[in-house]
Amino acid sequence: MKPQLLCIFLLLHPFLLCAAAEHESPVTTGSIVFATYERTNYAWDIFTLPASQSHPPNPSSELRITDGESVNFNGHFPSTSPSSILSLLHNRSLIHSPKASAPALQLIYVTERNGMPNVYYDALYYGAPRSTRSRSALEIPVRVQAPLLGLEESKNRVSMKDRPSLSGENLIYVSTHEDPGEPRTSWAAVYSTHLGTGMTRRLTPYGVADFSPAVSPSGVWTAVASYGREGWSGEVEELSTDIYVFLTRDGTHRVKVVEHGGWPCWVDDSTLYFHRKSEDQWMSVYIATFPKDKPVSTDSVTIQRVTPPGVHAFTPATSPGNHNFIAVATRRPSSNFRHIELFDTVRNEFIELTRHVSPTSHHLNPFISPDSTRVGYHKCRGENNGGKTAKLLLENVRSPVPNLSLFRAGGSFPTFSPTGDRIAYSEFPGIIVVNRDGSNLRKVFSWTAFANSWNPVRKGIVYTSAGPTFSSESTEVDIVAIDVDSVDQPNYKKLTIDGKNNAFPSPSPDGKRIVFRSGRSGHKNLYIMDAIEGEIGGLQRLTDGPWTDTMCNWSPDGDLIAFASDRHNPGSGSFEIYLIHPNGTGLRKLISSKSSGRTNHPWFSPDGKLIVFTTDYGGISAEPISNPHQYQPYGEIYTIRPDGSDLQRLTHNSYEEGTPSWAPFYIEPVDVESPVRVQCAFEDCHFLNKMPSRGTMVEPSGLAQPQCGA
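The structure displayed is predicted, hence computed values, not measured ones.

Draft legend 1. Structural view of the side chain of histidine 177. Inspection of the secondary structure assignment puts histidine 177 in the loop between β10 (170–175) and β11 (189–194). Taking the relative accessible area as the measure of exposure, histidine 177 reaches 9% and is therefore buried. Of note is the side chain of histidine 177, whose polar atom sits 2.7 Å from the side chain of serine 175.

The following block contains the structure:
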């Protein structure tokens, strides 16, 4: 039986870990680059507005709380006194507290600075003891800041963190640092860490995943959204979770209190709010009231709808004892943007907040101060909010494997040149080539194109798939070779001639042949053609069947080709990774994510010892509605050996990671800025564009494309 108590000490503490040693990964030095759908445009900071029900806010009312570093989100205003928190953090690397009785604002939040998710505490001190209601956005506070978790850094244990809150001296949060050992199963679980000692206890039962924890005002109870023992079934919009409640101290007395609900929050220890999609198809907020004279169960809890149809209302927030209003995120039929509003629960009416301040920005995941005077949320800081707005060409993502660096690229389908000095990526439309240090950024191809690869021998030749993504077998998509150094126009040559969805080109290590997928037979199968003359120079059919074989990559020794296929269940959307020799022999399955999961985009390491790929093997890590749009909010980057051993998860977050590839050598894990500025251009969840009463769909405001064109 696994221990319920993990002896974990925080950063700068001597640490002791009462758990089995982690499985050692294969020793391969190298670097992987991948894309994360729209993540490089987030630039999130946490802001706050007065929770006024009578006076509409204006831009001068808004305060930016976080410091403009990386992305900062999912905040919490702690009710624990600042002196108590600071005394627990006395040995942390803090800025010395100013000589003031108490900070004007204190905040706990998730940040992804330094390449890894963590939970931070910030306390803001201003020069004069004015009310935070009247603070000006121009005032610059003194900031006290400390990371609250650090074990994973000392043990190379990377994990996602989410929905932190403080209950007394204990931090309650979601983490993904424990592998459940089952494919297509979420690693998300709720933990409690004592800020003074670092001692950590798992509150979620083993074999179960929990999301979106909320602690009751007394600290006695914690509510979560959970599938229970049933597990995730592949949902990517609203999750069909239930609400469970358990004792915060140890996770015991766990009971289901609501069927079909997510994102719980408490008003008092017998009343909580949550969201769900109603029968009329509007996302709505509901209230659950617990009985006082009998055991709590789904049969005894009273459920009432709170927000009316006509508006999507979700991710509710409450404050202790406040029965007058809640805060919600909304999507209205008249707007493309997610905003924060109050909902007066006495008058049953909405009160708009953020639309008065920044009408064309998305605002996410509200939270309310314990005294009900302020509402917090996160949004893209942009150039007008004083934040750092340089977009990253390469963002260092902390790797759990020594001598293996990870980078999130500023575009889709990123690939390094054979010498590692340049990167090509898709911009939709167009192909961009840029030096690895961010200089000399150029658009070398103007059409919509995806799935890029460099010829390993012919300098400056990039192969790509020109045409729309996610299209049928008969759609016109062709393999083109682009000479990125040519001054002549056109600088490309079309290598396929039938236009029947030819895509995912991968050259052989000698640069003479290309493997690609084509729909010319009526099904997407693999073919090999000449790398210079194209298919007129010779065409070999590699696979044949009424299924989809795609996303192919040639091994560096030329002996194997890896690809993704749905041949086990054609047309299902489920893909498994296979290996085959270039002569068509030796076909074998490498890995699958259960019978209905996805394993996509395999790519061999330069030494051929590992294959990187993206997959839903780790399930889903958070409620998708708490993020902007992600086509596949479960995609994580994994590696595996060609013999099927040493499966290793590399990334942990709630985004869509995809289209990984290897650099030709190890690159130091340092951020590289792009000359492009952050545009704050990301889309809201597409399912929120559906407005049920109108039977119409609001067009999304962005022009972004999905990461992978199957």
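Draft legend 2. Here's a closer look at the state of the cysteines. Under the definition given, this model contains one disulfide. Covalently, cysteine 380 is tied to cysteine 680 through a disulfide, its sulfur atoms 1.9 Å apart. Because the sign of the S-S torsion sets the handedness, a value of about -65° for the bond joining cysteine 380 and cysteine 680 places this disulfide among the left-handed ones. Here cysteine 380 is found in strand β26 (residues 374–380), whereas its partner cysteine 680 is found in the loop between β50 (672–677) and β51 (690–691), with 300 residues between them in sequence. By relative accessible area, cysteine 680 is classed as partly exposed at 26%.

Draft legend 3. Broad picture of the confidence of the model for the chain. In this model, the chain carries a mean pLDDT of 89, and residues with pLDDT of at least 70 account for 88%. When the criterion is pLDDT under 50, residues 700–705 qualifies, and its contacts beyond four places in sequence or with other chains add up to 17 contacts.

Draft legend 4. How the structure looks around the nonpolar core. Counting 31 residues, the largest nonpolar core has Phe211, Leu272 and Phe290 as the members making the most contacts within it. Within the residue set of this core, elements represented by two or more residues are β10, β13 (209–215), β14 (221–228), β15 (242–247), β16 (255–258), β18 (271–277) and β19 (283–289). Once residues lying within four places of it in the same chain are set aside, the contact partners of phenylalanine 290 are Val245, Val257, Trp266, Asp269, Ser270, Leu272, Val296 and Val301. If you look at the next biggest cluster of nonpolar residues, it comprises 21 residues, including Phe314, Phe325, Tyr377 and Leu688.

What counts and how
Residues numbered from 1 in each chain as written. Predicted model: local features only at pLDDT ≥ 70, side-chain atom pairs only at ≥ 80, totals over all residues. Heavy atoms only, no water. Helix = DSSP H or I, 4+ residues; strand = E, 2+ residues; numbered from the N terminus. Buried < 20%, exposed > 50% of the residue type's maximum accessible area, 1.4 Å probe, protein only. Polar contact = N/O pair within 3.5 Å; in protein donor to acceptor, adjacent residues only side chain to side chain. Disulfide = S-S within 2.5 Å. pLDDT = per-residue confidence, 0-100. Contact = heavy atoms within 4.5 Å. Core = buried A, V, L, I, M, F, W, Y, C linked by side-chain atoms within 4.5 Å.

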